[in-house]
Every structure is written in structure tokens, then in C-alpha cells.
Amino acid sequence: MKKSIHLFDQITESICMKDKTVIITGASSGIGKACAYVFSQMGARVVLAARNEEKLQTIVQDLESEQRPVLAVKTDVAKESDCRQLIDKTLEHFGRIDVLINNAGISMRGLFKDTGLEVIRQLMDVNFWGTVYCTRHALPHLLKSKGSVIGVSSIAGLPSLPGRTGYSSSKFAMHGFLETLRVEHLHDGLHVMIAAPGFTATNVRKVALGPDGKPQGESPRDENQMMTPEQVARIIARGIRKRKRMMVMTTQGKMTVMLRKFVPAWLDRLTYRLMAKEPDSPFK
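Residues numbered from 1 in each chain as written. Predicted model: local features only at pLDDT ≥ 70, side-chain atom pairs only at ≥ 80, totals over all residues. Heavy atoms only, no water.

Trainee: Let's hear about the overall build of the chain: which residues, and what values?
Mentor: Counting its regular elements, the chain contains 10 helices and seven strands. Classification of the 284 residues of the chain by burial places 51% in the buried group. Of the contacts made within the chain by residues no fewer than 6 positions apart, 70% connect residues no fewer than 24 positions apart. (Helix = DSSP H or I, 4+ residues; strand = E, 2+ residues; numbered from the N terminus. Buried < 20%, exposed > 50% of the residue type's maximum accessible area, 1.4 Å probe, protein only. Contact = heavy atoms within 4.5 Å.)

Listed below in C-alpha cells is the structure:
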């Protein structure tokens, strides 16, 4: 029964995405790369944005070898001019925009008292302002298509996650922006969704910044226990089809939302204990 339901979802999602133009930021690796393949397989015309042009071209070659429509645009979402160019080139190439997946992001790990302010500013520039810039320039075209704006967030954007001050702050800011945007466009067909995966096995964790702004290196968590990028991409596709407001993707995440509502002080203590148990935790 579950297999038949899963197959039905895949078929309906493919119908939903057929010939849609989908922009994906942070598309060179992790969740963004998985979205590129998943949405392309569903028949979408995908536009891939990231700073690493070489990695983007590898994905383009793969998709073009299967005769799938794809465009790569080298983009640093922290620069408004790059985000404007991304939208302009998408329109030149495909003529419309149906879905914008704001996925580009960086993480960090370190206590606020030890973290340089430039590190937090860098996270805000990418995670928050990148979402604002891309959405601002895509918005008129998404309104025409009654399309979807997606913000790829994290469980860390739901409760406050100690040791990730800059990351949680940037995701909280993204949530506030997108939720306000949803209300402003309540009656004109714009779909706004926040996607909140659990811990996901991606390169983002390995290049997360330390307090000094340098990559931390190896992830402190067991990646075998994490979600895969492909799982996240398919859940995002399902959320777009169903025009969901929020997709909290794990049992842990859903429990976190409930605990934050009913027992926030207890959740603070629980979160602290969990973060303190990480290898090389800054709380030790």
C-alpha cells in the first residue's frame, strides 16, 4: 500500500513540475544538487546557481546528456548584482519563473563570545540577504506564474541552537521574511514555503565556519544517522505540489515544534544537553 502511495506521489509531482522553470541556489552540492536532479527528472527546466562554476558544469553535462533543459549561472547570492543577473539570465533562457528554491547557505559552530562578528555577518549575507535578493528580483515573475518561493531552512531555525548563534539567527531572519511575504501576498496566488530538514549529510556541515571564520573540517556528527539530500529534495517537491506553508521533515523536528510551544524552558535545557554531547563541543 505504501509503495503504491509513494508511486502516486511521484507521478503527480512529475505532472506538477512538467515544463516548470525552477531556480535552485546553492546547486553545486548537497540539497541543491539533489534538487537539480530530482526536479529535472520530474520534467522541470532547472536553473542552477552557485559560486563553483566547475561543479555546476559537471551537473549540466549530466543533465544535458539525458536531453534535459538546464542552465547554469555562476552566482554569489551575497551579492545583489549576481542575484539580479541570475533572474535576468533565467528569463532570457526560459522566459518565465515558476519556482525559486533559496537553498544557498553556510553554517557555523562556536559560542557567541568567541565568534568574530564578521563570521555572523557572513552568515547573514548568504543565508538571509541571499534569500531576500533572489526573491526580490524574482517576485514580479513569480506573481505572474502564481509560483512558489521556497526557503530551505533547518531545525536550527525552529528553536535556538546553542553553539550556532549566527546560523540560527540567519534562519530565524529568513523565517520572518518569508512568513511576512506570505501574508503580504495572501490573495494573489503566491505560494511561500519554509522547508526545515533535520541534520542532513551534506558538505555544508564540513565547511561550516568556526569562531575564527575558518572551515571546521570534519562534521562532529554521525552522518549515517542523517537525512540524505535526495530525501530532502523529494519532500520539498511534495511540499510544492501540495502548496504547504511549512515542511518539518523529521520526527525530531516535529517534536521540537511542539515542545517549543508548550514547554520552552525544558526544551532549552534539553537542547543544551544534546549540543554539549557533540564531539569537540564548545560547551566542554
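From this point, the discussion proceeds with the structure in view.
Trainee: Now, about helix α8 (residues 229-242): what can you tell me, with residues and values included?
Mentor: Look at α8: 20 Å from first C-alpha to last across 14 residues, which is about the 20 Å you get at 1.5 Å a residue. Where α8 ends, the next residue or the one after it, Arg243, has phi of about 50°, a positive value. (Expected span 1.5 Å × (residues − 1).)

Trainee: Any chance you could break down the pairing of strand β6 (residues 191-196) for me, citing the residues and the numbers?
Mentor: Along β6, six of the six residues are buried, which leaves the element largely enclosed by surrounding structure. Residue alternation in β6 divides its side chains into two sets, His191, Met193 and Ala195 and Val192, Ile194 and Ala196, and both sets are buried. Note: strand β5 (residues 148-152) against β6, five bridges, orientation parallel. Bridging across to β6, Ser148 finds its partner in His191. Crossover β5 to β6 through helix α6 (residues 165-184) is right-handed. Here three bridges tie β6 to strand β7 (residues 246-248), and the two strands are oriented parallel to one another. Within β7, the position partnered with Ala196 by the bridge is Val248. (Pairing = 2+ DSSP bridges. Right-handed = clockwise from strand over helix to strand, strands pointing away.)

Trainee: Can you explain the pairing of strand β4 (residues 99-102)? Please cite residues and give values.
Mentor: Residues Val99 and Ile101 point to one face of β4 and Leu100 and Asn102 to the other, with burial holding for every one of them. Relative to β4, strand β1 (residues 21-25) runs parallel, the two being bridged by three bridges. Paired with Val22 across the bridge in β4 is Val99. Strand direction decides the pairing type here: β4 and β5, joined by four bridges, are parallel. In the strand pairing of β5, Leu100 is matched with Val149. Chirality of the crossover, the property in question, places the unit of β4, helix α5 (residues 117-145) and β5 among those that are right-handed.

Trainee: Could you give me a rundown of the environment of Tyr37, with the residues and numbers involved?
Mentor: Residue position: Tyr37 is located in helix α2 (residues 30-41). We classify Tyr37 as partly exposed; its relative accessible area is 22%. Separated by 26 residues in the primary sequence, Tyr37 and Leu63 place their C-alpha atoms 7.7 Å from one another. If we ignore the near neighbours within four places in the chain, the residues touching Tyr37 are Ile59, Asp62 and Leu63.

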